[in-house]
Amino acid sequence: NFKHIDLSDDKVDLLLLEGERETFGFIRNKSASWKNVLRDLNEPIPCQKQIEISAKNIEAFPIWKEDTTRITFNENKLLFDDVMYGTIFKITN
């Protein structure tokens, strides 16, 4: 019974699979694309995204070793800061 939620904007792709007890998510910096980095030889620009969500616990699983993503949670606001590449995360409701 998971529900797909797309909270992407012009700087990040942010996709969630929201369940009753757990929510799984993926955040990715759009400036870390192959066109920008490999073809145009630009460095990704770190970005941030804030969403409102209820949570008891958040676990992050960085995909890239060099990723600098920090996730903080305060009063139903989840902040993804300094997203360089991308991170998978799990939220326990």
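Please refer to the structure placed before this passage.
For every chain, the first residue of the written sequence is number 1, and numbering continues from 1 along that sequence. For a predicted model such as this one, the threshold for reporting local features is a pLDDT of at least 70, and the threshold for listing and counting side-chain atom pairs is 80 or more; totals across whole chains, interfaces and linings nevertheless cover every residue. Remark: hydrogens and water are excluded; side-chain values derive from all non-hydrogen atoms of the structure.

Novice: Can you tell me about the nonpolar core, naming the residues and giving the values?
Specialist: If you look at the biggest cluster of nonpolar residues, it comprises 13 residues, and the most contacted ones within it are Leu14, Ile27, Ile51, Phe80 and Phe89. In DSSP terms, a helix is any run of H or I states spanning at least four residues, a strand is any run of E spanning at least two, and both are numbered starting from the N terminus. Secondary structure elements with two or more residues in this core: strand E2 (12-18), strand E4 (47-52), strand E7 (77-83) and strand E8 (86-92). We call two residues in contact whenever any of their non-hydrogen atoms come within 4.5 Å of each other. Apart from residues lying up to four places away in sequence, isoleucine 27 is in contact with Val12, Asp13, Leu14, Lys49, Phe80, Val83, Tyr85, Gly86, Thr87 and Phe89. To define a nonpolar core, start from buried Ala, Val, Leu, Ile, Met, Phe, Trp, Tyr and Cys residues and group those joined through side-chain atoms within 4.5 Å. Under the scheme applied here, a residue whose accessible area is under 20% of the maximum for its type counts as buried, over 50% as exposed, and between as partly exposed, the area being computed with a 1.4 Å probe on protein chains only.

Novice: An account of the environment of tryptophan 34 is requested, with residue identities and associated values reported.
Specialist: Positionally, tryptophan 34 belongs in helix H1 (residues 34-39). Accessibility expressed as a relative area gives 55% for tryptophan 34, which makes it exposed. Taking the C-alpha atoms as reference, tryptophan 34 lies 33 Å from threonine 92; in sequence the two are 58 residues apart.

Novice: Break down the environment of alanine 60 for me, with residues and values.
Specialist: Within the secondary structure, alanine 60 sits in strand E5 (residues 57-62). A residue is classified by how much of its surface remains accessible, and alanine 60, at 41% relative accessible area, is partly exposed. For the pair alanine 60 and arginine 70, spaced ten residues apart in sequence, the C-alpha separation works out to 8.8 Å.

Novice: Run through the sheet that holds strand E6 (residues 70-74), naming residues and quoting values.
Specialist: Pairing between strands requires that DSSP locate at least two bridges from one strand to the other. Read across the open sheet, the three strands follow the order E4-E7-E6; overall the sheet is antiparallel. In this open sheet, the two edge strands, each paired with only one partner strand, are E4 and E6. Between one strand axis and the next, the sheet turns by 15° as a mean value, whatever way the strands run. Note on definitions: angles span 0 to 180 degrees between N-to-C directions of axes, and those axes are lines fitted to C-alpha atoms, for helices only across the stretch in contact.

Novice: Tell me what's going on with the pattern of salt bridges, and back it up with residues and numbers.
Specialist: For this analysis, a salt bridge means a side-chain nitrogen from Lys or Arg found within 4 Å of a carboxyl oxygen belonging to Asp or Glu. Tallied over the full model, the rule gives nine salt bridges. Of the charged contacts, one joins lysine 3 and glutamate 18 as a salt bridge, the two residues approaching to 3.6 Å between their closest N and O atoms. One end of the pair, lysine 3, is in strand E1 (residues 3-6); the other, glutamate 18, is in strand E2, with 15 residues separating them in the sequence. On the accessibility criterion, lysine 3 (48% relative accessible area) is partly exposed. The exposure class of glutamate 18 is partly exposed, given its relative accessible area of 27%. Among the ionic pairs, arginine 70 bridges to aspartate 81, the shortest N-O distance being 2.7 Å.

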